[in-house]
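# Tertiary structure, described
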Amino acid sequence: MDVVTGEVDTIPRRAPLSTRALRAAVAVAVAVAVFGFALPRFASAADVWHALGHVGWRGAALLAVAAGWNLVTYWLVWMAAVPGLGLRRAALVSQAPTAVANTVPAGSYVAVALTYSMLRSWGQRRSAATLAMVVTGIWNNFAKLALPTVALAALTIGDDVDFPRVVGAAVGLGGLVAAVGVFAAAMRTDAAASRVALIAATAATPALRLVRRPAPSGWDVALRRFRTHAGALLAARWHLLTAATAVGQLSLFLVLLTSLRTAGVSAEEIGSAEALAVFAFARLATAVPFSPGGLGVVELALTTGLVAAGGGRAAVVAAVLVYRALTYLLQIPLGGLAYVLWRRTMRRAGARPTDWEGAAVSAARGIGNSTGAAPSATGSS
């Protein structure tokens, strides 16, 4: 399957029932372990409820503004990736797939399939729809690599110079520069794209053999096609994509920081730079999707890091729960509403979404197989 054009020869079968059951079991186990055992060891429910009392009406208003703006930033990313999409459609294509990714085990594949279906229903070509998903995923991964470097640099600048932090910032910066450099090199010529893809396939083969997966094939063809289709979009919109992605990541952090301050965690306990560092590394912890939307994983990573940074246990747990309610739980009803609005619009227009839903599943599976990782919807995890 072509990672860029989305051309499909056959529709792959769904994952075996045993595999889907195992994914669901792992997700449930992670959630139960974190919410039933790990978080209560940090603070009791009574202490957390007491800490929530610090929020007040003014704090609730600040949180509403921060959470609302955070949602809008997701829409801006899609507007940058799909020329002419418009704010309303960008909102729908952002919210509905995110709700799926936050509720279904291994839901990133289903979310990508839904994204593809929505974009195709609005007249986007297969190549444009698939390209938008791939590019937003790449930029999101670049942001995840950049955040720890920015956080460590902020800690170093804002405090006494600490050698481990300097080394960490330097290593992170080197990794980011290397990733961007490899991507830029692959985009220069077809020959360079083929070399990069073949090197990546060779490096990935041993790990795939360990999990009894076949060696990757066709990566060179896929990357050359991606370069052909992505060139014009990136040349015209790379700065918009970069700005929208950066604003989105920082807006997500703003929700966390607002949650901390309104829950009673002062800047003396945890500074903004320290909070950013914890946030950045918690984002990296969700690179492997153990549960939908990182449920349980994000909460544990943030709570552990923020308590270690000096925050009060009850206040930190309260802040993390508020943050996740606004960036994870809120996405689910909003996404359900977005899906209903999209289907209603399609019915009014006389379209039949099921005509290309099967192809959308194939496109999602093809993206994951071609990149070696599960695709991710734009969201809060």
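Residues numbered from 1 in each chain as written. Predicted model: local features only at pLDDT ≥ 70, side-chain atom pairs only at ≥ 80, totals over all residues. Heavy atoms only, no water.

As annotated in an unreviewed UniProt entry, the chain is UPF0104 family protein from Actinomarinicola tropica. UniProt lists a comment for the chain under the heading Subcellular location (unreviewed entry), and it reads "Cell membrane". (UniProt positions renumbered as here; feature names shortened; annotations may be inferred.)

This structure, assessed with the given rule, holds five aromatic pairs. Taken together, a centroid distance of 5.8 Å and an interplanar angle of 85° make the contact between Trp 139 and Phe 183 edge-to-face. Of this pair, Trp 139 sits in helix 6 (residues 126-158) while Phe 183 sits in helix 7 (residues 163-186), and the two are 44 residues apart along the sequence. Judged by relative accessible area, Phe 183 falls into the buried class, the value being 18%. Geometrically, the ring pair formed by Tyr 339 and Trp 342 is tilted, given 5.7 Å between the ring centres and 55° between the ring planes. With a gap of three residues between them, Tyr 339 and Trp 342 both fall in helix 13 (residues 331-349), about one helical turn apart. Given the relative accessible area of 1%, Trp 342 is considered buried. (Phe/Tyr/Trp six-rings, centres within 6.5 Å; stacked < 30°, edge-to-face > 60°. Helix = DSSP H or I, 4+ residues; strand = E, 2+ residues; numbered from the N terminus. Buried < 20%, exposed > 50% of the residue type's maximum accessible area, 1.4 Å probe, protein only.)

With that out of the way, let us pick up the packing of helix 3 (residues 56-81) against helix 9 (residues 219-262). One way to put it is that helix 3 packs onto helix 9 with a least axis distance of 8 Å and a crossing angle of 165°. Classified by the interaxial angle, the pair formed by helix 3 and helix 9 is roughly antiparallel. Considering the relative orientation of helix 3 and helix 9, their crossing is left-handed. Split by residue class, the contact of helix 3 with helix 9 holds 18 nonpolar, nine polar and one charged. (Axes fitted to C-alpha atoms, helices over the stretch in contact; angles between N-to-C directions. Parallel < 35°, antiparallel > 145°, perpendicular 65-115°, else oblique. Left-handed = near helix turned anticlockwise from the far one by under 90°. Nonpolar A, V, L, I, M, F, W, Y, C, P; charged D, E, K, R; others polar.)

This part covers helix 5 (residues 108-121). Under the 1.5 Å per step criterion, the end-to-end length of helix 5 is 20 Å for 14 residues, consistent within 8% with the ideal 20 Å. Within the sequence span of helix 5, burial applies to Ser 108, Ala 111, Val 112, Ala 113, Leu 114, Thr 115, Tyr 116, Ser 117, Met 118, Leu 119 and Ser 121. (Expected span 1.5 Å × (residues − 1).)

What follows deals with a nonpolar patch on the surface. There is a patch of nonpolar side chains on the surface, built from Trp 69, Leu 76, Leu 87 and Val 247 and spanning about 330 Å² of accessible area. Within the fold, Leu 87 resides in helix 4 (residues 87-103). (Patch = residues over 30% accessible without salt bridge, like charges linked within 9 Å, V, L, I, M, F, W, Y side chains within 5 Å. Areas by Shrake-Rupley, 256 points an atom, 1.4 Å probe, with all protein chains shown as cover. Salt bridge = Lys/Arg side-chain N within 4 Å of Asp/Glu carboxyl O.)

A surface patch of like charges, here positive, comprises Arg 88, Arg 89, Arg 344, Arg 347 and Arg 348. Contributions of two or more residues to the positive patch are made by helix 4 and helix 13. Per element, the largest residue contribution to the positive patch is three residues, and it comes from helix 13. Relative to the helices and strands, Arg 344 resides in helix 13. Among the residues examined, Arg 344 registers a relative accessible area of 40% and is labelled partly exposed. (Lys, Arg positive; Asp, Glu negative; His and termini not counted. Charge placed at Lys NZ, Arg CZ, Asp CG, Glu CD.)

What follows concerns the UniProt feature "transmembrane region" (unreviewed entry) in the chain. According to UniProt, the "transmembrane region" (unreviewed entry) feature falls on residues 21-40, 60-87, 99-119, 131-154, 166-186, 232-257 and 321-342. Segment residues 131-154 splits into 100% helix and 0% strand. End C-alpha atoms: 34 Å apart. Structurally, residues 232-257 is divided into 100% helix and 0% strand, and its ends, taken at the C-alpha atoms, are 37 Å apart.

A word on the confidence of the model for the chain. In this model, the chain carries an average pLDDT of 80, and 80% of its residues clear a pLDDT of 70 or more. Of all the helices and strands in the chain, helix 14 (residues 357-371) carries the lowest mean pLDDT, 47, while helix 12 (residues 313-329) carries the highest, 95. Scored below 50 in pLDDT, residues 1-13 shows 40 contacts in the model against residues more than four places distant or in partner chains. In this model residues 364-378 is a low-confidence stretch, pLDDT under 50, and it forms 45 contacts with partners more than four residues away in sequence or in other chains. (pLDDT = per-residue confidence, 0-100. Contact = heavy atoms within 4.5 Å.)

We now examine the environment of Leu 62. Summarising the element assignment, Leu 62 is placed in helix 3. Each C-alpha atom, one on Leu 62 and one on Thr 262, is 8.5 Å from the other, the two residues being 200 residues apart in sequence.

Compared with the 30 Å implied by 1.5 Å per residue over 21 residues, the 31 Å span of helix 8 (residues 190-210) between its first and last C-alpha is a close match. At Ala 204, helix 8 shows its maximal bend, which comes to roughly 35°, and the proline Pro 206 appears one to four places after that position. When we look at burial in helix 8, the residues that qualify are Ala 192, Ala 193, Ser 194, Ala 197, Ala 201 and Thr 205. Arg 212 lies just past helix 8 and shows a positive phi near 60°. (Bend = angle between axes of the 7 residues up to and from the residue.)

Quick look at the environment of Pro 40 now. Locating Pro 40 in the fold gives a position in helix 1 (residues 17-42). What makes Pro 40 partly exposed here is its relative accessible area of 41%. In contact with Pro 40, other than residues within four places in its own chain, are Val 34 and Phe 35.

A few words on the packing of helix 9 against helix 12. Where helix 9 contacts helix 12, the two axes come as close as 8 Å, and the packing angle between them is 140°. Where helix 9 crosses over helix 12, the two elements pack in a sense that is right-handed. On helix 12, the residues that touch Leu 252, Val 255, Leu 256, Ser 259 and Leu 260 of helix 9 are Ala 319, Val 322, Tyr 323, Leu 326 and Thr 327. For the contact of helix 9 with helix 12, a count of residues per class yields eight nonpolar, two polar and no charged.

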